[in-house]
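# Understanding the architecture of this molecule
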Amino acid sequence: MTHLNRRKALTLMGGTVAAAGLSAPAYAQNNTVKVGALRFTSHSASFIAKERNYFADAGLNVEFEFFQAATPMAVAIASGDVDYAVTAVSGGLINLAEKGAIKVIGGALSEEDGIDGQKFLASDAAFQAGVTSCAALDGKRYAVTQSGSSFHYMGSKMAQAEGIDLSFVPLQKVGAIIGAMKSGQVDGWSIVPHIAKPLAGSGALHIIGNVADYLPNYQVTIVFTSAANAADERGQTEAFLNSFSRGADDYAAAMIEGTADQDEMVDLIHKYVYTDRERAKAAPSIINGTMRINTGAALNIASIKDQLDWFKSEDLVDASISIDQLVDQSYVDIIGA
């Protein structure tokens, strides 16, 4: 098992439970646990668990550390700066798993039939020039945060299905991508609905397709931790997943099923998402971001295997890494097998 500091983790990356009914935690309670997150509605399960004291009830004193991309979060987990996190599968994350530094332990955001999900977008310049469908992106410049990111995976799988070629342009951060799309420096992109819909509604960008049309049941984000936590801190890890799952259930009740107060939920999420906007302006985007966060943090293993196979096919990770090196399947329900 590999224990890394942040510098060593970065060096390695430069190379290529069912949650319900978990046993009582067998760990030192009330220790501070750091949780990595993005200020996206897709991270709401963690925010809810914090605000409604589900973490505290389980003996976890949770502090959030916020990131702007998936790969730095994986580095922070591997180096021990963060204990648990939710993010998309990336080449960097897989490389760290191959080195024995991290483990995927559950599922979070998913594309689900009947729930509006992630969108493919065209810049206004491209749209006015005839890019009104994903197929029309042939030969165009497609924005990704970096090579081996989830954006790269989604764009590549769409291009493969359409039989087109894309030129992938790494721009590091979502904010930089939005600026490049608005200025016409890049032509296409994919992103979660709470970002896609307002941009399309303003006329700055245009929705030209749904990610789910190309990747049904896509396991968009996963819950992960260090390999050391997965192996040696089972009680704490189960407690985290149980609390996270309670938050996901509350989210679904309010935002999908309509059995709980949506306004109250929007107020809670607004403490973490779109904090620079007044509540009235933030609420539509928070509601637009509604997607499924898996019940019990169940993990769609078929989707994870497809992602792993794609990273291998692109020579972004070592061809020898196995699904068991990436995933600890002992914590949550495994679906899609």
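Rules used throughout
Residues numbered from 1 in each chain as written. Predicted model: local features only at pLDDT ≥ 70, side-chain atom pairs only at ≥ 80, totals over all residues. Heavy atoms only, no water. Helix = DSSP H or I, 4+ residues; strand = E, 2+ residues; numbered from the N terminus. Rg over C-alpha atoms; globule rule 2.2 N^0.38 Å. Buried < 20%, exposed > 50% of the residue type's maximum accessible area, 1.4 Å probe, protein only. Polar contact = N/O pair within 3.5 Å; in protein donor to acceptor, adjacent residues only side chain to side chain. Contact = heavy atoms within 4.5 Å. Pairing = 2+ DSSP bridges. Axes fitted to C-alpha atoms, helices over the stretch in contact; angles between N-to-C directions. Salt bridge = Lys/Arg side-chain N within 4 Å of Asp/Glu carboxyl O. pLDDT = per-residue confidence, 0-100. Phe/Tyr/Trp six-rings, centres within 6.5 Å; stacked < 30°, edge-to-face > 60°. Lys NZ or Arg CZ within 6 Å of the ring centre and 35° of its normal.

## Notes on the overall build of the protein
If you tally the helices and strands in the protein, you get 16 helices and 14 strands. Compactness check: the protein gives a C-alpha radius of gyration of 19 Å against a globular reference of 20 Å for 337 residues, within 12% of the reference. Along the longest, intermediate and shortest principal axes, the C-alpha atoms of the protein span 60 × 50 × 35 Å. The proportion of buried residues among the 337 residues of the protein is 57%.

## What to know about helix α4 (residues 70–79)
Burial analysis of α4 places 9 of its 10 residues in the buried class, the great majority of the element. For α4, every residue scored as buried is listed here: A70, T71, M73, A74, V75, A76, I77, A78 and S79. Immediately beyond the C-terminal end of α4, within one or two residues, lies G80, with a positive phi of roughly 85°.

## Considerations on the side chain of T225
By the secondary structure assignment, T225 is in strand β11 (residues 222–226). You can call T225 buried: its relative accessible area is 0%. Separated by 2.6 Å, the side chain of T225 and the backbone oxygen of D83 make a polar contact. A polar atom in the side chain of T225 sits 3.1 Å from the side chain of N229. In this structure T225 touches I77, D83, Y84, I102, K103, I105 and A230, once residues within four positions along its chain are discounted.

## A look at the sheet that holds strand β2 (residues 61–66)
Strand order in this open sheet of 5 strands is β2-β1-β3-β11-β4, and the pairing throughout is mixed. The open sheet terminates on both sides in strands that have one partner only, identified here as β2 and β4 (102–107). Sheet twist, expressed as the average angle between the axes of neighbouring strands with direction ignored, equals 25°. Where strand β3 (residues 84–87) lies against β11, 4 bridges are found, and the strand directions are antiparallel.

## Some points on the pairing of β4
Burial within β4 is extensive, with 6 of its 6 residues counted as buried. Taken together, the 5 bridges between β4 and β11 define a ladder with antiparallel strand orientation. Across the sheet, residue G107 finds its bridge partner in β11, namely I222.

## Remarks on the pattern of salt bridges
Under the defined criterion, the tally for this structure stands at 11 salt bridges. Across the pair E264 and R52 runs a salt bridge whose closest N-O atoms are separated by 3.3 Å. On the criterion of sequence distance, the pair formed by E264 in helix α13 (residues 262–270) and R52 in the loop between α2 (44–51) and α3 (54–57) is long-range, its members being 212 residues apart. In this structure E264 comes out as partly exposed when scored by relative accessible area, which is 45%. Since its relative accessible area comes to 26%, R52 is described here as partly exposed. Its salt-bridge partner being D306, residue K157 comes within 3.3 Å of it at the nearest N-O pair. Linking K157 in helix α7 (residues 150–162) with D306 in helix α15 (residues 301–313), this pair joins segments that are 149 residues apart in sequence. Counted as one network, the salt bridges with shared partners bring together R52, D250 and E264.

## So, helix α9 (residues 193–201)
Those residues of α9 that sit buried are P193, H194, I195, A196 and L199. Residues of α9 that are buried make contact with β6 (119–123), α8 (174–182), β9 (188–191), β10 (205–210) and α14 (279–288). Looking one or two residues beyond α9, the residue adopting positive phi is G203, at roughly 85°.

## A word on the confidence of the model for the protein
Per-residue pLDDT for the protein has a mean of 90; in total, 91% of the residues score no lower than 70. Segment residues 10–25 is flagged for pLDDT under 50; beyond a separation of four residues in sequence, or across chains, it makes 33 contacts in the model.

## What to know about the packing of aromatic side chains
Using the criterion set out here, one finds 14 aromatic pairs in the structure. Relative to F66, the ring of F47 lies with its centre 6.2 Å away and its plane at 45°, an arrangement referred to as tilted. Highlighted residues: F47 in helix α2 and F66 in strand β2, separated in sequence by 19 residues. On the basis of an interplanar angle of 80° and a centroid distance of 5.7 Å, the ring pair of Y142 and F168 is categorised as edge-to-face. Of this pair, Y142 sits in strand β7 (residues 141–144) while F168 sits in strand β8 (residues 167–170), placing them 26 residues apart in sequence. A residue is classified by how much of its surface remains accessible, and F168, at 27% relative accessible area, is partly exposed. Counting every residue linked through ring pairs, the aromatic cluster contains F47, F64, F66 and Y272. Here the basic side chain of R39 rests over the ring of F66, its NZ or CZ set 3.7 Å away from the ring centre. In this structure, R234 packs its charged tip against the face of Y331, placed 4.0 Å from the ring centre.

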